[in-house]
Amino acid sequence: MIEVREHERPSTVSEAVAVQQRLRPLVRFDGQPAEVRTAAGLDVAYDESSDELVAAVAVLDVPALSVVDSTVVRGRAEFPYVPGLFAFREAPPLLAALQQLSVVPDVLVCDGQGLAHPRRFGLACHLGVLTDLPAIGVGKTPMGRFDPPGEPRGAWTSIEMDGEEVGRALRTQEHVKPVFVSVGHRYALDAACDLVLGLAPKYRLPETTRAADQLGRRAG
DNA sequence: GCGACAG
DNA sequence: ATCTTGTCGC
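Conventions used here
All residue numbers refer to position in the chain's written sequence, counted from 1. Each chain takes a letter, starting from A, and each ligand takes a number, starting from 1, following the order in which they are written. Reporting of local features is limited, given that this is a predicted model, to residues whose pLDDT is at least 70; pairs of side-chain atoms are given and counted only at 80 or more, and all residues count toward the totals for whole chains, interfaces and linings. Side-chain calculation: all heavy atoms of the structure are included, whereas hydrogens and water are not. Strands here are runs of E lasting at least two residues and helices are runs of H or I lasting at least four, both read from the DSSP assignment and numbered beginning at the N terminus. To get the radius of gyration, use the C-alpha atoms; to get the globule rule, take the number of residues to the power 0.38 and multiply by 2.2 Å. Contact between two residues is taken to exist if any of their heavy atoms lie within 4.5 Å; hydrogens are not considered. Areas reported here follow the Shrake-Rupley algorithm with a probe of radius 1.4 Å; residue values treat only the protein chains shown as occluding. Note that His is not counted, nor are the chain ends; the positive residues are Lys and Arg, and the negative ones are Asp and Glu. Just so you know, the charge point we use is NZ for Lys, CZ for Arg, CG for Asp and CD for Glu. UniProt positions are given in the numbering used here, feature names are shortened, and annotations may be inferred rather than shown by experiment. Categorising residues by exposure relies on relative accessible area from a 1.4 Å probe, with only protein chains included: less than 20% of the type maximum marks a residue as buried, more than 50% marks it as exposed, and the intermediate range marks it as partly exposed. We call a residue near a molecule or strand when any one of its heavy atoms sits within 4 Å of it. Pairs of N or O atoms within 3.5 Å make up the polar contacts considered here, provided that, within protein, one atom can donate a hydrogen while the other can accept it, and that residues adjacent in sequence are counted only when both atoms are side-chain atoms. Axis definition: a line fit to C-alpha positions, over the contact stretch in the case of helices; interaxial angles, taken between N-to-C directions, run 0 to 180 degrees. Relative orientations are named as follows: roughly parallel for angles under 35 degrees, roughly antiparallel for angles over 145 degrees, roughly perpendicular for angles from 65 to 115 degrees, and oblique for any other angle. We call a crossing left-handed when the near helix sits turned anticlockwise from the far one by less than a right angle, and right-handed when that turn is clockwise. Three categories are distinguished: nonpolar for Ala, Val, Leu, Ile, Met, Phe, Trp, Tyr, Cys and Pro, charged for Asp, Glu, Lys and Arg, and polar for the others, with Gly belonging to the last. Each pair of strands is called paired provided DSSP finds at least two bridges between the two strands.

Draft legend 1. Main features of the overall build of chain A. The helix and strand inventory of chain A stands at 5 helices and 8 strands. Along its sequence from the N terminus, chain A presents helices and strands in the succession α-β-β-β-α-β-α-β-β-β-β-α-α. A compact globule built from 220 residues should have a C-alpha radius of gyration of about 17 Å, and chain A, at 16 Å, falls within 12% of that. The dimensions of chain A, computed from C-alpha atoms along their principal axes, are 45 × 40 × 35 Å. Long-range contacts, defined as pairs at least 24 residues apart, comprise 64% of the intrachain contacts of chain A with a sequence gap of at least 6. For chain A, the computed accessible surface area is about 10,200 Å², with 49% contributed by carbon and sulfur atoms. Of the side-chain charges in chain A, 23 are positive and 29 negative, and the distance between the mean point of each set is 2 Å.

Structure representation (structure tokens):
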């Protein structure tokens, strides 16, 4: 099963920022899996009462893209939504859901950013470090600066923040708005984009996140 | 000072 | 995140 590293649960913005600064150096850039046979999609859906949420994880076989395992955990939001501190709201229930899995996925495909974050420590880095599993971030909304990639499927451009490449705007479907890919933990950016393209043969978003999204919505 | 700000 | 079915277009 998945082991989760001991971690703090801050209740204020300044404490949360301090936790990010402390965990950031633990991000690893080596240890990428030689072959990805399973990929987990993670997503959180919100309920009516605004502080109730549903964390869903779907593990897909690669490259078949069939669901081989899944878990759903209901809970309450322990932290408000604050841009840049997204993980303190969604990581707790997602970690609980990950621990219920009967298989350990080769990579976590997170719904949000990884290094494409003001302090280079988005949700994908957070989850990657706390589980020490390879992780990447696939966001629907861009964070840094980028030029629009070409229209063909597979076209991409660099996303930069403070003059460095922190991710890529990747076109997964021709003439469709790109997704925003960044490294989370133990994964290279090139490989992350290859993986996302393989996971998104038909739609804009990877099948992993689509499956998790559907699970969470069904349980809400 | 003003605007921007993952889900 | 969420409010929301069918419909226009490649």
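Draft legend 2. Structural context of the UniProt feature "site: Interaction with target DNA" (unreviewed entry) in chain A. If you check UniProt for "site: Interaction with target DNA" (unreviewed entry), the listed places come out as Y81 in our numbering. Among the structural elements, Y81 can be located in the loop between β3 (67–76) and α2 (87–99). Judged by relative accessible area, which is 53%, Y81 ranks as exposed. Those residues in contact with Y81 that lie beyond four places of it in its chain are F86 and R89.

Draft legend 3. Broad picture of the protein's contact with DNA strand C. Within the structure, DNA strand C sits among A45, Y46 and K140. Contact between DNA strand C and Y46: a phosphate oxygen at 3.4 Å from a main-chain N or O atom of the residue. Residue K140 places a side-chain N or O atom 3.0 Å away from a phosphate oxygen belonging to DNA strand C.

Draft legend 4. Representation of the packing of α2 against helix α3 (residues 123–131). Contact pair α2 / α3: the axes reach a minimum separation of 10 Å and the direction vectors enclose 40°. One finds that α2 runs oblique with respect to α3. Crossing of α2 against α3: the hand is right-handed. On α3, the residues that touch A87, F88, E90, A91, L94, L95 and L98 of α2 are L123, H126, L127, L130 and T131. Within the contact of α2 with α3, the residues separate by chemical class into 9 nonpolar, 2 polar and 1 charged.

Draft legend 5. Local environment of the protein's contact with DNA strand B. Around DNA strand B, 14 residues are found, and the nearest of them are Y81, F86, D111, K140 and T141. Sugar plus phosphate, as a fraction of atoms of DNA strand B within 4 Å of the protein: 46%. Separating a base nitrogen of DNA strand B from a backbone N or O atom of Q113 is a distance of 3.1 Å. Residue T141 places a side-chain N or O atom 2.5 Å away from a phosphate oxygen belonging to DNA strand B. Across the surface near DNA strand B, the residue classes break down as 6 nonpolar, 6 polar and 2 charged.

Draft legend 6. Seen up close, the pairing of strand β5 (residues 135–139). Counting buried positions over the 5 residues of β5 gives 5, a clear majority of the element. Burial along β5 is two-sided: A135, G137 and G139 facing one way and I136 and V138 facing the other are all buried. In this sheet, β5 lies alongside strand β4 (residues 107–110) in parallel orientation, the contact comprising 3 bridges. Bridging from a neighbouring strand, L108 pairs with A135 of β5.

Draft legend 7. Representation of the UniProt feature "binding site: Mg(2+)" (unreviewed entry) in chain A in the model. The feature "binding site: Mg(2+)" (unreviewed entry), as annotated in UniProt, sits at D43 and D111 in this numbering. The greatest C-alpha distance among the residues just named is 5.9 Å, despite their covering 69 residues of sequence, which places them together in space. Mapped onto the elements, D43 comes out in strand β1 (residues 38–46). If near-sequence neighbours (up to four positions away) are discounted, D43 is found in contact with V54, A55, A56, L94, D111, A212 and D213. Under the relative-accessibility criterion, D111 is labelled buried at 15%. If we skip the residues at most four places from it in the chain, D111 touches L42, D43, F86, L123, V138 and K140. Within the structure, D111 has its side chain in polar contact with the side chain of K140 (distance 2.8 Å).

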